[in-house]
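Take a look at the letters that make up each chain.
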Amino acid sequence: MQSRRKRWQVDAAQGTSSDAQEVESVAVTARTQSKAGDERDPAGPSGTGTELPKRSLGALLREGLAHHREGSLDRALESYQQVIALDPNQPDALNLIGAIAYQRGDHALAVGLLQRAAQYAPDVADIRINLGVALMAVGNYPGAIAALGAAIELAPDSAEAHLHLGTLYTRMGDPKSSLAAYDQAILLRPAFAEAHATRGALLHASGQWKDAEASLRRAIALRPSFAAAYCDLGAVLQSSGRLADALDAYREAIAGEPGLVDAYCNAGTALAELGEAGDAIAMYRRALAVAPSHFESLLNLGAALAARGEYEAAVESLDAARLVRPESPLPWLHLGTIEHAGGRFAEALALLAAGLERDPTSVSLLIALGNAFKALDRFDEAGSAYRMALGVDPDSARALTNLGNLAFAQGDSDSAIRHLTRALGLDPNLAEAQVTLGNVLKSNGELEAALACFEAAVLIRPGYAEARYNIGNVQRELGAYAEAVSAYRLALVHRPSYGDAEWNLSLALLGMGEWESGWQGHEWRWRNGDTLALPRPVEAPLWAGEPLSGKRILVCREQGLGDELLFATCLPDLVRSGARVTLTTSPRLASLLQRAFPGIQVIEEGSPVELGAFDYYTLLGSLPRWLRRRRADFPASGAFLIPDPGQAAKWKTRLEALGPEPRIGICWRSGLLTAERRRHYAPAEAWAELLKTPGITWVCLQYDDCADELAAWKESIGVTVHRWDGEDMKNDLESVTGLVACLDEVVTAPTAVSSIAGALGVPTWQVDSGSDWTAGSESASPFFPSIRLERLTSGGSWTDVLKRVADAVRPRAGEGRTG
């Protein structure tokens, strides 16, 4: 008899495990054994009415039993068949041939043979036991109950009969009756190792891990080489999180029975949980060397290979699993997950749908289907799939987490928080829900609460790289750059290829003023997922700081307008080095930059360039890596723009018409306000604190539609912020530059207006959330020293920031015009 063994299989959608059961074997016994030289018929009357050679029957049965116990089934069968040739209804031979048929998996044949044996020996308990086991294997549970019940009536003290009855009740989903049967078997035979082991497996399945461990250890104490019991013990220890102890148990199982495939498979899952992916894959392959068609090992191997990005090998393993068990939805789930990971969402949908045809109530498949719909921006269908999963399991924390993710993606923070809070109420250890809830809170500006969620996720799963990455993001926004750097580096320890962590690490280093290492990591702004992929517009080599005297270099613009102006402060260094520079720039800046840098050839982006005419090329944002490696490399003044004289004259006349008061320009937000970006900009009502400062003429530098905000200030605080109709403040940068050059000061959010003012050298106050890394840890911008930053502090408010700016500009009001 073999103990029921737990097989583990990885669920692609949730990373948890489920179990399957092994079937019990029949007993290999005859009801009597003849002594040597005994002339009696060991099987009793044959029922044929024919006198047979009695010694030959007994000898053949003894010979067959010896072969049978040695595992030589073919030789045993040959002996038993010789008995049947002499007596076709000999019950011992029919019983033992039935046992061999069962052992070889021909359960229907076993049932037929054992029923004949029981017919000719109705009072033999062992035959009834074997018949019960065979009937159980073919799913005839009522017949199995009757056979085992008859065995117990014939032999009330048969521990084996109670053991198999317990297994039958387990199959029927009646653990209470099963446990009672196992307990009775142990009562009848306290040293019955198989009963203790099977009882332990049942308790494990019922979640009673402590009692399960005790039963399994008792079985091992009774039979120290009990491999199946060691395998079950490993499963119990693995369930309780004692992974190292579980691995020790699996190793003992393998040592005791090298062909025990479940032990290899379970050891693989334990290694995977420990993060030892390579060892886990090797263990699954050892399992498959023992049993090439072992479904769980094929499935787990495919999932493990997919997690490492070895998709071709993963698909091969999962396809094999699909052939072994065509009715199982799990290979389809994993295959769909692989397609999703590769961005082939339509293909993922088709595979997941095929899996749902096999199991329409699979919560994991429904969640994966929802994820595929979400990736295709089919949000309504995604929500329907998640809600269907909840219909199957109303307490599915994973389905609630995904609903929370979906609500967050749709900008519904309240619903997201509701779903995620409920998910964590059901499963406080759901690290993914903690991370998503943290991101929702972060988007609402609740940074301290968000940080607590991310830290909780790390406590649950120390190797959760995404959680550590998010800790870094919050710490960076809180201005805790050293803590942010530490968090990003830990994220990279747990996930070495993590492009977003590399990029944000560079920003944190730059925020600390660690210029050299920060600029090196700044190249990760050109990332394709987790791969660094800098563009190459021409065949020339990428410049890496080599001497440029007499060399031609192409400098390519990138990023937004503000960054383009920021990094343009490095261009004079190239000119001074003796380089012949060609700069591609956005059309809006072309004339401004050509006027600022007459020694540089400036062409609009998209214009043809002479291929092969350059010794090097570089990206504008890469220049600081070689030219601003330490604080001393920044020039004393970053001003380089020269306004068009005609535009400057136009704006001088307009502004003088407003009166003698100092003229201060304001720009209060970006033109692109997503839910995530909005919290980085002070709301209009906070700006009212600044606008109420007396003795100032306010000039609008906002470059998009802001009529409602201007009207609201006029009505609520009686302040006019002047704006001129017909001016294109977004695209006509010659006009904007002329206006800003004529102002006394500028107060602005971190937008392109800040860079324009800095590049003109106009005194500027930047109202900042703390996210602008370009100033490092300083209060003024190293690129544009005329820009001073007023940052939102932890626990402070935007109103406090604007009040500080009001105090800073108030002396200007008292001074009047300066020119």
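On a predicted model such as this, the values are computed, not experimentally measured, just so you know. (Residues numbered from 1 in each chain as written. Predicted model: local features only at pLDDT ≥ 70, side-chain atom pairs only at ≥ 80, totals over all residues. Heavy atoms only, no water.)

## Re the overall build of the protein
Within the protein one finds 39 helices and 14 strands. Taking 2.2 N^0.38 as the reference for a compact globule, 819 residues should give roughly 28 Å; the C-alpha atoms of the protein span a radius of gyration of 39 Å, well beyond that estimate. Projected onto its principal axes, the C-alpha coordinates of the protein cover approximately 135 × 60 × 40 Å. Taking all 819 residues of the protein together, 53% fall into the buried category. Of the contacts formed within the protein by residues at least 6 apart in sequence, a portion of 59% connects residues at least 24 apart. As presented, the protein carries roughly 34200 Å² of accessible surface, and 51% of it is formed by carbon and sulfur atoms. The positive charge centre, built from 78 side chains, and the negative charge centre, built from 101, are 2 Å apart in the protein. (Helix = DSSP H or I, 4+ residues; strand = E, 2+ residues; numbered from the N terminus. Rg over C-alpha atoms; globule rule 2.2 N^0.38 Å. Buried < 20%, exposed > 50% of the residue type's maximum accessible area, 1.4 Å probe, protein only. Contact = heavy atoms within 4.5 Å. Areas by Shrake-Rupley, 256 points an atom, 1.4 Å probe, with all protein chains shown as cover. Lys, Arg positive; Asp, Glu negative; His and termini not counted. Charge placed at Lys NZ, Arg CZ, Asp CG, Glu CD.)

## Considering the packing of aromatic side chains
By the definition in use, this model includes 13 aromatic pairs. Relative to phenylalanine 783, the ring of phenylalanine 567 has its centre 6.4 Å away and its plane inclined at 80°; by these criteria the two rings are edge-to-face. Placement of the pair is phenylalanine 567 in helix H29 (residues 561–567) and phenylalanine 783 in the loop between strand E13 (764–768) and strand E14 (787–791), with a sequence separation of 216 residues. The buried category is assigned to phenylalanine 567, whose relative accessible area is 0%. (Phe/Tyr/Trp six-rings, centres within 6.5 Å; stacked < 30°, edge-to-face > 60°.)

## As for helix H21 (residues 397–409)
For H21, spanning 13 residues, the distance from its first C-alpha to its last is 18 Å, which sits close to the expected 18 Å at 1.5 Å a residue. The buried fraction of H21 amounts to 11 of the 13 residues, a majority that puts the element mostly inside the structure. If you follow the buried residues of H21, they end up packed against helix H19 (363–375), helix H20 (379–392), helix H22 (413–426) and helix H23 (431–443). (Expected span 1.5 Å × (residues − 1).)

## Some remarks on the confidence of the model for the protein
Per-residue confidence for the protein gives a mean pLDDT of 88; residues scoring 70 or more make up 92%. The low-confidence segment residues 1–52, where pLDDT is below 50, has 157 contacts with residues more than four positions distant or belonging to other chains. (pLDDT = per-residue confidence, 0-100.)

## So, the environment of alanine 632
Mapped onto the fold, alanine 632 is located in the loop between helix H32 (623–627) and helix H33 (645–656). Take alanine 632: its relative accessible area is 71%, and that puts it in the exposed class. Spatially, the C-alpha atom of alanine 632 lies 9.6 Å from that of proline 782, the residues being 150 residues apart in sequence.

## Some thoughts on the sheet that holds strand E6 (residues 580–585)
The strand order across the open sheet formed by 4 strands is E7-E6-E5-E8, and the pairing between neighbours is parallel. For this open sheet the edge positions go to strand E7 (601–604) and strand E8 (616–619), each flanked by a neighbour on one side alone. Across the sheet, the axes of successive neighbouring strands diverge by a mean angle of 20°, strand direction being ignored. As defined by bridge partners, strand E5 (residues 552–556) adjoins E6 across 5 bridges and the pair is classed as parallel. (Pairing = 2+ DSSP bridges. Axes fitted to C-alpha atoms, helices over the stretch in contact; angles between N-to-C directions.)

## Describing the nonpolar core
Among the nonpolar cores identified, the biggest contains 99 residues, and Phe226, Ala229, Tyr250, Leu352 and Leu369 are the most heavily contacted of them. The residues contacting leucine 369, other than those within four sequence positions of it, are Leu349, Leu352, Leu356 and Ala385. Among the nonpolar cores identified, the runner-up in size contains 62 residues, and Val555, Leu561, Leu574 and Ala596 belong to it. (Core = buried A, V, L, I, M, F, W, Y, C linked by side-chain atoms within 4.5 Å.)

## What about the pairing of E7?
Note on strand geometry: in a regular strand, side chains alternate between the two faces of the sheet. Across 4 bridges, E6 lies against E7 in parallel orientation. Looking across to E7, one finds that threonine 584 is bridged to isoleucine 603. Regarding the hand of the β-α-β motif, the stretch spanning E6, helix H31 (residues 590–596) and E7 is right-handed. (Right-handed = clockwise from strand over helix to strand, strands pointing away.)

## Here we look at the side chain of arginine 468
Here arginine 468 shows up in helix H25 (residues 465–477). One buried charged residue, arginine 468, remains without a salt bridge, the closest side chain of opposite sign being glutamate 455 at 8.8 Å. (Salt bridge = Lys/Arg side-chain N within 4 Å of Asp/Glu carboxyl O.)

## Remarks on the environment of alanine 752
Within the secondary structure, alanine 752 sits in helix H38 (residues 752–760). Its relative accessible area of 17% is what places alanine 752 among the buried residues. Setting aside its immediate chain neighbours within four residues, alanine 752 contacts Leu561 and Gly562.

## Details of the sheet that holds strand E10 (residues 697–700)
Strand-to-strand pairing in sheets goes through backbone hydrogen bonds, with the strands running parallel or antiparallel. Here we have 6 strands laid out as an open sheet, ordered E11-E10-E9-E12-E13-E14, and parallel in their pairing. In the strand order of this sheet, the two ends are held by strand E11 (721–722) and E14, each with one partner. Direction of pairing for strand E9 (residues 663–667) relative to E10: parallel, over a ladder of 4 bridges. Along E10, the bridge assignment pairs isoleucine 666 with cysteine 700. H38 contacts E9, strand E12 (745–748), E13 and E14 of the sheet and is inclined by roughly 155° relative to E12.

## Some details on helix H12 (residues 243–256)
Between its first and last C-alpha atoms H12 spans 20 Å; for 14 residues at 1.5 Å apiece the expected length is 20 Å, and the two agree. Turning to H12, its buried residues are Leu243, Ala246, Leu247, Ala249, Tyr250, Ala253 and Ile254. Seen along its axis, H12 keeps its buried residues to an arc of 160°; they face one direction. On its buried face, H12 is in contact with helix H11 (227–239), helix H13 (261–273) and helix H14 (277–290). (Arc of directions from axis to C-beta.)

## Quick look at the environment of alanine 368
Its place among the elements puts alanine 368 in helix H19. Taking the relative accessible area as the measure of exposure, alanine 368 reaches 9% and is therefore buried. The sequence separation of alanine 368 and leucine 260 amounts to 108 residues, and the corresponding C-alpha distance is 33 Å. Beyond its immediate sequence surroundings of up to four residues, alanine 368 is in contact with Leu333 and Leu352.

## Overview of the pattern of salt bridges
Across all of its chains, the model carries 37 salt bridges by this definition. Among the ionic pairs, glutamate 477 bridges to lysine 442, the shortest N-O distance being 3.6 Å. Separated by 35 residues along the polypeptide, glutamate 477 in helix H25 and lysine 442 in helix H23 bring together distant segments of the chain. Using a relative accessible area of 14% as the deciding quantity, one classes glutamate 477 as buried. Using a relative accessible area of 8% as the deciding quantity, one classes lysine 442 as buried. Notably, a salt bridge pairs lysine 692 with glutamate 689, separated by 3.6 Å at the nearest N-O pair. Classification of lysine 692 by relative accessible area gives partly exposed; the value is 45%. Here the salt bridges share partners, and the residues they tie into one network are Glu213, Arg217, Arg242 and Asp245.

## Focus: unusual backbone geometry
Of note in this structure, aspartate 377 is not a glycine but carries a positive phi near 60°. Tracing the backbone shows aspartate 377 in the loop between H19 and H20. The exposure class assigned to aspartate 377 is exposed, which follows from its relative accessible area of 57%. One non-glycine residue, glutamine 559, lies in positive phi territory at about 65°. Secondary-structure assignment places glutamine 559 in the loop between E5 and H29.

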